[in-house]
Amino acid sequence: NEGDYSFDMFANTANCDITDGESLGTVAVSYESGEVLVTYNINKEYELMESNTYAGKNMLPLSKSTNTVQIPGQYNITKDLQGEIYIITHAVVCLK
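Predicted model only: the values in this text are computed from it and were never measured.

Rules behind the numbers
- Residues numbered from 1 in each chain as written.
- Predicted model: local features only at pLDDT ≥ 70, side-chain atom pairs only at ≥ 80, totals over all residues.
- Heavy atoms only, no water.
- Buried < 20%, exposed > 50% of the residue type's maximum accessible area, 1.4 Å probe, protein only.
- Helix = DSSP H or I, 4+ residues; strand = E, 2+ residues; numbered from the N terminus.
- Contact = heavy atoms within 4.5 Å.
- Pairing = 2+ DSSP bridges.
- Axes fitted to C-alpha atoms, helices over the stretch in contact; angles between N-to-C directions.
- Phe/Tyr/Trp six-rings, centres within 6.5 Å; stacked < 30°, edge-to-face > 60°.

Novice: Looking at this model, I keep getting lost on unusual backbone geometry. Mind explaining?
Specialist: The phi torsion of most residues other than glycine is negative, and most of the peptide bonds are trans. A positive phi angle, near 60°, is found at Cys16, a position not held by glycine. For Cys16, a relative accessible area of 72% gives the class exposed. A positive phi angle is found at Asn67, which is not glycine, with a value near 60°. The class of Asn67 is exposed, set by a relative accessible area of 55%.

Below, the structure written as structure tokens:
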């Protein structure tokens, strides 16, 4: 549903277990009037090298040509969204 959301970001989370991970900061998501804006708020000891964001109606972003799950570099934000959506964020960071 439309609104403002904040999610914690973690690195080194094998099997998506955040208890083994390291906090990187947060991702702020604003979903309003069908548009999605994502802001990566990375902790000061890290530098954001690359970010990839998916927002759409499908749980996972699928390639139109092969119907397989897209890799992060192929993510996109669908325009004119309505109702419930899914969001995936991916970042590459380095220690400063």
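Novice: I keep staring at the side chain of Gln70 and nothing clicks. Help me out?
Specialist: Locating Gln70 in the fold gives a position in the loop between strand 4 (46–56) and strand 5 (86–95). In this structure, Gln70 is in contact with Pro61, Leu62, Ser63 and Tyr75, ignoring residues within four places of it in sequence.

Novice: Looking at this structure, I do not really get the environment of Glu22. What am I missing?
Specialist: Mapped onto the elements, Glu22 comes out in strand 2 (residues 22–32). For Glu22, a relative accessible area of 39% gives the class partly exposed. Note: C-alpha distance between Glu22 and Asn41 (19 residues apart in sequence) is 15 Å.

Novice: What should I look at first to understand the sheet that holds strand 2 in this one?
Specialist: Hydrogen bonds between backbone atoms are what pair the strands of a sheet, whose relative direction is either parallel or antiparallel. With antiparallel pairing, three strands are arranged side by side in an open sheet as 1-2-3. A single partner strand is all that each edge strand has here, and the edge strands are strand 1 (3–11) and strand 3 (35–42). Averaged over all neighbouring strand pairs, the angle between strand axes comes to 20°, with direction disregarded.

Novice: Looking at this structure, I do not really get the packing of aromatic side chains. What am I missing?
Specialist: What characterises a pair of aromatic rings is the spacing of the ring centres plus the angle enclosed by the ring planes. Per the stated rule, a full pass over the model turns up two aromatic pairs. Look at Tyr5 and Phe7: their rings are 6.4 Å apart centre to centre, the planes differ by 15°, and that puts the pair in the stacked class. Note on Tyr5: relative accessible area 38%, which makes it partly exposed.

Novice: Can you walk me through the pairing of strand 2 in this structure?
Specialist: Residues in a regular strand point their side chains to alternate faces of the sheet. Relative to strand 2, strand 1 runs antiparallel, the two sharing nine bridges. By the bridge assignment, Ala11 is partnered in strand 2 with Glu22. As judged from the eight bridges shared by strand 2 and strand 3, these two strands associate in the antiparallel manner. Its bridge partner being in strand 3, Ala28 is matched across the sheet by Thr39. Between the end of strand 2 and the start of strand 3, which pair antiparallel, lie two residues, with Ser33 showing a positive phi angle near 50°.

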